[in-house]
Amino acid sequence: MARSESLSRGISLIEARGWYHIQFRDPDRHPTRKTVPLNTDDRSIAHERAREKMRRYELDAYDPWTEGDERPRTIGEALKAYVRDRSGAIK
């Protein structure tokens, strides 16, 4: 049986079959719920990963409906994202 814990309005941490997922809810989107695996069975790691996804979602830097499952960034991609984000902050 899946267990759910509300993290923020419209965002929940779900444990299903021993693995954790984060679920985003938005009644204006289709589908109205989007569940993203956190790829861990450890509660503390799940909370850490969920907080990071929530922070990025609230800053409009992550959209689970369009981005889907994330893959690790290469160093080059991370540097480009860093430079892009910093140049926007300096302006």
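Scroll up a little and you will see the structure.
Being a predicted model, the structure only gives us computed values, none of them experimental.

S.K.: Kindly report on helix H1 (residues 43–58), identifying the contributing residues and their values.
M.R.: Three- or four-residue spacings in an α-helix give side chains the same orientation, since the helix completes a turn every 3.6 residues. Between its terminal C-alpha atoms H1 stretches 22 Å, which fits the 22 Å expected from 16 residues at 1.5 Å a residue. For H1, the full list of buried residues reads Ala46, His47, Ala50, Lys53, Met54 and Arg56. In this structure, the buried side of H1 is in contact with strand S1 (3–8), strand S2 (11–16), strand S3 (19–25), strand S4 (33–37) and helix H2 (64–67). One or two steps after H1, the chain reaches aspartate 60, where phi turns positive at roughly 60°.

S.K.: Tell me about the sheet that holds S2, and name the residues and values.
M.R.: Read from one edge to the other, the open sheet built from four strands follows the order S1-S2-S3-S4, with strand pairing classed as antiparallel. Of all strands in the sheet, those with a lone pairing partner are S1 and S4, marking the two edges. The mean inter-strand angle of the sheet, taken between neighbouring strand axes irrespective of direction, is 25°. Direction of pairing for S1 relative to S2: antiparallel, over a ladder of five bridges. In the strand pairing of S2, arginine 3 is matched with glutamate 15.

S.K.: Mind laying out unusual backbone geometry, listing which residues take part and the relevant values?
M.R.: Residue proline 31 is bonded to the preceding histidine 30 through a cis peptide linkage, with omega at -5°. With respect to the secondary-structure elements, proline 31 resides in the loop between S3 and S4. Its identity as a non-glycine residue notwithstanding, asparagine 39 has a phi of 55°, on the positive side. Of note, the phi angle at aspartate 60 is positive, near 60°, even though the residue is not glycine. Judged by relative accessible area, aspartate 60 falls into the exposed class, the value being 72%.

S.K.: Let's hear about the pattern of salt bridges: which residues, and what values?
M.R.: Using the criterion set out here, one finds five salt bridges in the structure. As a salt-bridge pair, arginine 29 and aspartate 63 come within 2.9 Å of each other at their nearest N and O atoms. One end of the pair, arginine 29, is in the loop between S3 and S4; the other, aspartate 63, is in the loop between H1 and H2, with 34 residues separating them in the sequence. On the basis of relative accessible area, arginine 29 is assigned to the partly exposed category, the value being 28%. Residue aspartate 63 is classed as buried on the basis of its relative accessible area, which comes to 18%. Salt-bridge contacts for aspartate 85 lead to arginine 84; the nearest nitrogen and oxygen are separated by 3.5 Å. According to the relative accessible area criterion, aspartate 85 is partly exposed, its value standing at 48%.

Parameters at a glance
Residues numbered from 1 in each chain as written. Predicted model: local features only at pLDDT ≥ 70, side-chain atom pairs only at ≥ 80, totals over all residues. Heavy atoms only, no water. Helix = DSSP H or I, 4+ residues; strand = E, 2+ residues; numbered from the N terminus. Expected span 1.5 Å × (residues − 1). Buried < 20%, exposed > 50% of the residue type's maximum accessible area, 1.4 Å probe, protein only. Contact = heavy atoms within 4.5 Å. Pairing = 2+ DSSP bridges. Axes fitted to C-alpha atoms, helices over the stretch in contact; angles between N-to-C directions. Salt bridge = Lys/Arg side-chain N within 4 Å of Asp/Glu carboxyl O.

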